[in-house]
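So you can see what is in the structure, the chains are spelled out below.
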Amino acid sequence: ALADEIPKLFKEANILYWSNSLLELTYAFIDRSIVSSAEPPPFNIPHICFVDAGLALSYSQHGSKVPAKGGSKAGSSCGGYLVEEFIEGGPDEFVKFIHNMDSNLLLDYDNYHYELALFFAFTQHVQYIKTSGLAFISNYQGKCLLVA
C-alpha cells in the first residue's frame, strides 16, 4: 500500500543524502591531510560519486473535495518513486567491492579494481572514526568509469 511505501522511499532517499555527506566528509579529511603533509601521496586519490537521486511523488485531484489555497482542490498522493540517475552498461560492468555485513573486500588482489576496493575500505575507516563509530558507508558497489 502507498501508506507503507512512502516512508520506505523517504528513508532510502535520506540514506542517499547522508551517504553523500559521509563521502564529502571523507574527501575533506583527505584534502586536509594532503595540505598538512610535506609531500603529496605517492598514489592517485580516486574520485567517486553516488548516483543522483530524488523522491518523486505524484498527486491526483480526482475525488478531492477540499479546496486548497488559491481555490484549487487539494490533491491526494497516489504514487511515490525513488528516481535515480541511469547507469549505462549491463550487469557485467557492475562491481560489488565490499560485503554488506563486514569489511571484507570482495575482490581478489589481482583484480583490476582491487586498489579502488582498498580505497573504499579506507573511507569506511575514516567515516567510522570521524563519526565516533556512528556511521559509515557499508555497501560500495557500482560501475567503474575510467576518465582519460
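Up top is the structure these notes are about.
Residues numbered from 1 in each chain as written. Predicted model: local features only at pLDDT ≥ 70, side-chain atom pairs only at ≥ 80, totals over all residues. Heavy atoms only, no water.

## Structural notes on the overall build of the protein
Moving on, step 1. The helix and strand tally for the protein stands at two helices and four strands.
Moving on, step 2. The helix and strand sequence of the protein, counted from the amino end, reads α-β-β-β-α-β.
Moving on, step 3. Sequence separation of at least 24 residues holds for 57% of the intrachain contacts in the protein that already meet a minimum separation of 6.
Moving on, step 4. Only carbon and sulfur atoms are counted for the fraction: they give 57% of the accessible area of the protein, which is about 11000 Å². (Helix = DSSP H or I, 4+ residues; strand = E, 2+ residues; numbered from the N terminus. Contact = heavy atoms within 4.5 Å. Areas by Shrake-Rupley, 256 points an atom, 1.4 Å probe, with all protein chains shown as cover.)

## Let's talk about a nonpolar patch on the surface
Moving on, step 1. A contiguous nonpolar patch, built from Phe10, Leu57 and Tyr59 and spanning about 310 Å² of accessible area, is present on the exposed surface.
Moving on, step 2. Summarising the element assignment, leucine 57 is placed in strand 1 (residues 53-60).
Moving on, step 3. Leucine 57 gets classed as partly exposed once you look at its relative accessible area, which sits at 32%. (Patch = residues over 30% accessible without salt bridge, like charges linked within 9 Å, V, L, I, M, F, W, Y side chains within 5 Å. Salt bridge = Lys/Arg side-chain N within 4 Å of Asp/Glu carboxyl O. Buried < 20%, exposed > 50% of the residue type's maximum accessible area, 1.4 Å probe, protein only.)

## Side note on unusual backbone geometry
Moving on, step 1. Despite not being glycine, serine 132 has its phi angle at roughly 55°, a positive value.
Moving on, step 2. As for its placement among the helices and strands, serine 132 is situated in the loop between helix 2 (114-130) and strand 4 (141-143).
Moving on, step 3. Of the residues examined, serine 132 reaches a relative accessible area of 66% and is grouped as exposed.

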